[in-house]
Amino acid sequence: MTRSTWAKRFLILTLSTASVWPGYARTNPQVMERGAASPAQIEAYRQELLTAIEGMRKFTQVMVDMIFSFAELGFQEFETSRYVTGILEREGFRVERGVAGIPTAWVASWGRGRPVIGFIADIDAIPGASQKPGVAYHDPIVEGAPGHGEGHNAGQAVIVTAALALKRLMERHQLPGTLKLYPGVAEELLGSKNYFVRAGLFKDVDIVLGAHISDGFSTAYGVTNTGLVSTQFTFRGEAAHSAGAPWRGRSALDAVELMNVAWNFRREHLRPQHRSHYIIVEGGDQPNVVPDRATVWYYFRETDYARIKHLHEIGQKIARAAAMMTDTEVTERILAATWPTHFNKVVAEVLQKNIERVGMPAWSEADQMLAKALQKEIGAEPVGLKTEVGRLEAGGDAMRAGSDDIGEISWNVPTVYLRFPGNIPGLPGHHWANAVSMATPIAHKGATAGAKAIALTALDFLTQPELVNAAWAYFREQTKEQSWVSLIPEGTPPPIHLNREKMERFRPQLERFRFDPEKYDTYLDQLGIRYPTIRSGR
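Small disclaimer: the values here were computed from a predicted structure and weren't measured.

Participant: Just checking my understanding: could you explain the overall build of the chain for this structure?
Facilitator: From N to C terminus, the chain includes 17 helices and 14 strands. On C-alpha atoms alone, the chain measures out to a radius of gyration of 25 Å, which is about the 24 Å that the 2.2 N^0.38 rule sets for 538 residues. For the chain, the proportion of its 538 residues judged to be buried stands at 59%. For the chain, the accessible surface area stands at approximately 22,000 Å², while carbon and sulfur atoms represent 51% of it. The average position of the 59 basic charges and that of the 59 acidic charges among the side chains of the chain differ by 4 Å.

Written out as structure tokens, the structure is:
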């Protein structure tokens, strides 16, 4: 069968099933009618993209360094969002701010017609992870302040670089399609993407490409992460003098402690795959006053919707029991939730081919020296940086116990995550050590490699409509027996108050160290850091 004959038959099949399967209806009929670009054209576009992104290394590096210097916690990423949206507006993107009831959220759009390709990367920092880049031991920029100990400063550089290069190519060659960019607000709180989905921000999107920092260069499909419910239980009792009349009080803190003890006993009888953790947010004012109010914050993690819901219900039952034991009252505030990620096999396979085409960055001797010194510093094996791309992983082969609220999107649109290089193997995660490489040549090179892989993948879906249809066929199979249902009750507002006080405390100190690309070539230069800086004898 010739290519043209196959294309015609495929078009007939597509149009005949459009009324049955909504996924096909999302494909641009005009694109289908004019047919896919020829292999020679697509290869020419690829080469053009790769050349353009290679020429944007300086732009990418500045974005990585600038966002690193902001170091803003979840829901408080005002400077980061202002900076990124400013770049996109200057490049002709239409920006809608404050979407989904979240002040730091936005959608930036450019282009016309289908397919609609979405790009998303997280932007929030980690509490207490402030760290000077390029220094292989703990040396905070501001003691106790937030820092990019998850590497979220590099993701927007990846997707913005890719989108700008794509936009310019689409303009030159008059390619149809729409590009949409989103920020992963408060990802460390799993805090925004459920609200994004419920606000309809992805209702017209055909494919979503996410980017997240890693110590390797890989992607995966299927279920790869747990999902969770993030919720706070607040107990209210009666205050009294703790010594003079304790019998007149009803301790809300006792209720919190009893809940925690009961939960810890229950752990023995929960599945090994589950994860649960808590912190006491509020526990009274001073010891001589019986606490009349106390709050505990729980994460309940499991591997599918039904089990997450059941785990959460167990927690609710224990909270009610603790209130009964202490004669207090309890209320609950669900803050965030996400389904486990389920990444699209078709999109992942296309992305994997592009990862292999781009290949790992060429690490310098200084890059490897920093990596090995840091690994020794924290007690990890000093293996240095990875030099080979990872294989395509199938869900379940390497199930991660952590969660990511891109899972909400993955159950609504064919979605995949690129894990691009830029961090150092063997680190604990959510830690100052994970910030060490994130404004150095390691992150700069990794972000450029990631931008190339993301841009090539978006180009494949822009120019080959049959790939969009295949991705939706997989998605339809994925959701055939289980459709997405929000784990957050209808009408619940996003918890945009979180981290406000912390950022108000640290922002003035962090502003003194904001990157100034007009005066300095890199953030390392501005901070006066010799690269790499390691302990003597390392």
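Next comes the rest of the account.
Participant: What am I meant to see in the environment of Gly 429 here?
Facilitator: Tracing the sequence through the fold places Gly 429 in the loop between strand S14 (415-421) and helix H14 (441-463). Judged by relative accessible area, which is 25%, Gly 429 ranks as partly exposed. Residue contacts for Gly 429: discarding those within four places in its chain leaves Gly 149 and Asn 434.

Participant: Mind showing me how you'd approach the nonpolar core here?
Facilitator: By size, the foremost hydrophobic cluster in this structure holds 140 residues, and its most contacted members are Phe 119, Leu 181 and Phe 202. In terms of residues, this core owes the most to one element, H14, which gives 13 residues. Sequence-distant contacts of Phe 119, that is, excluding residues within four places in its chain, are made with Ile 159, Leu 166, Leu 179, Lys 180, Leu 181, Tyr 182, Leu 209, Ile 454 and Ala 458. One finds Phe 235, Ala 255, Ala 294 and Tyr 298 within the second-largest nonpolar core, a separate group that totals 18 residues.

Participant: Is there a simple way to explain unusual backbone geometry in this structure?
Facilitator: A negative phi holds for most residues other than glycine; trans holds for most peptide bonds. A cis amide bond links Arg 114 with the next residue in sequence, Pro 115, at an omega value of -5 degrees. Within the secondary structure layout, Pro 115 lies in the loop between strand S2 (106-112) and strand S3 (116-122). Across the junction of Tyr 531 and Pro 532, the peptide omega takes the value -10 degrees, indicating a cis bond. Unusually for a residue other than glycine, Asp 327 sits at a positive phi of about 55 degrees. Looking at the secondary structure, you find Asp 327 in the loop between helix H10 (305-326) and strand S10 (329-338). The backbone phi angle of His 430 is positive, close to 55 degrees, even though this residue is not glycine. In this structure, His 430 sits in the loop between S14 and H14.

Participant: How should the side chain of Gln 352 be read in this particular structure?
Facilitator: Here Gln 352 is to be found in helix H11 (residues 345-358). A polar atom in the side chain of Gln 352 sits 2.9 Å from the backbone oxygen of Gly 390. When neighbours within four sequence positions are excluded, Gln 352 is seen to be in contact with Thr 219, Gly 390, Arg 391 and Leu 392.

Participant: Looking at this structure, I do not really get the pairing of S14. What am I missing?
Facilitator: Strand residues, when the strand is regular, have side chains that alternate between the two faces of the sheet. Of all 7 residues in S14, 7 are buried; the element is thus mostly enclosed. Here S14 shows a buried face lined by Thr 415, Tyr 417, Arg 419 and Pro 421 and a second buried face lined by Val 416, Leu 418 and Phe 420. Sheet topology note: the strand S5 (residues 207-214)/S14 ladder contains 7 bridges and is parallel. Paired with Gly 210 across the bridge in S14 is Tyr 417.

Participant: What's the story with helix H6 (residues 78-90) in this structure? I'm lost.
Facilitator: Residues separated by three or four positions in an α-helix point in the same direction, a consequence of the helix having 3.6 residues per turn. The end-to-end C-alpha distance of H6, which contains 13 residues, comes to 18 Å, matching closely the 18 Å that a straight helix rising 1.5 Å per residue would cover. Listing the buried residues of H6 in full gives Glu 79, Thr 80, Ser 81, Tyr 83, Val 84, Thr 85, Gly 86, Ile 87 and Leu 88. The secondary structure elements touched by the buried residues of H6 are helix H5 (57-70), strand S1 (94-97), S2, helix H7 (155-173), strand S4 (177-184) and helix H16 (500-511). Of the residues flanking the end of H6, it is Gly 92, one or two places downstream, whose phi is positive at about 95 degrees.

Procedures and definitions
- Residues numbered from 1 in each chain as written.
- Predicted model: local features only at pLDDT ≥ 70, side-chain atom pairs only at ≥ 80, totals over all residues.
- Heavy atoms only, no water.
- Helix = DSSP H or I, 4+ residues; strand = E, 2+ residues; numbered from the N terminus.
- Rg over C-alpha atoms; globule rule 2.2 N^0.38 Å.
- Buried < 20%, exposed > 50% of the residue type's maximum accessible area, 1.4 Å probe, protein only.
- Areas by Shrake-Rupley, 256 points an atom, 1.4 Å probe, with all protein chains shown as cover.
- Lys, Arg positive; Asp, Glu negative; His and termini not counted.
- Charge placed at Lys NZ, Arg CZ, Asp CG, Glu CD.
- Contact = heavy atoms within 4.5 Å.
- Core = buried A, V, L, I, M, F, W, Y, C linked by side-chain atoms within 4.5 Å.
- Polar contact = N/O pair within 3.5 Å; in protein donor to acceptor, adjacent residues only side chain to side chain.
- Pairing = 2+ DSSP bridges.
- Expected span 1.5 Å × (residues − 1).

Remember, this is a structural readout, not a statement about activity or role.
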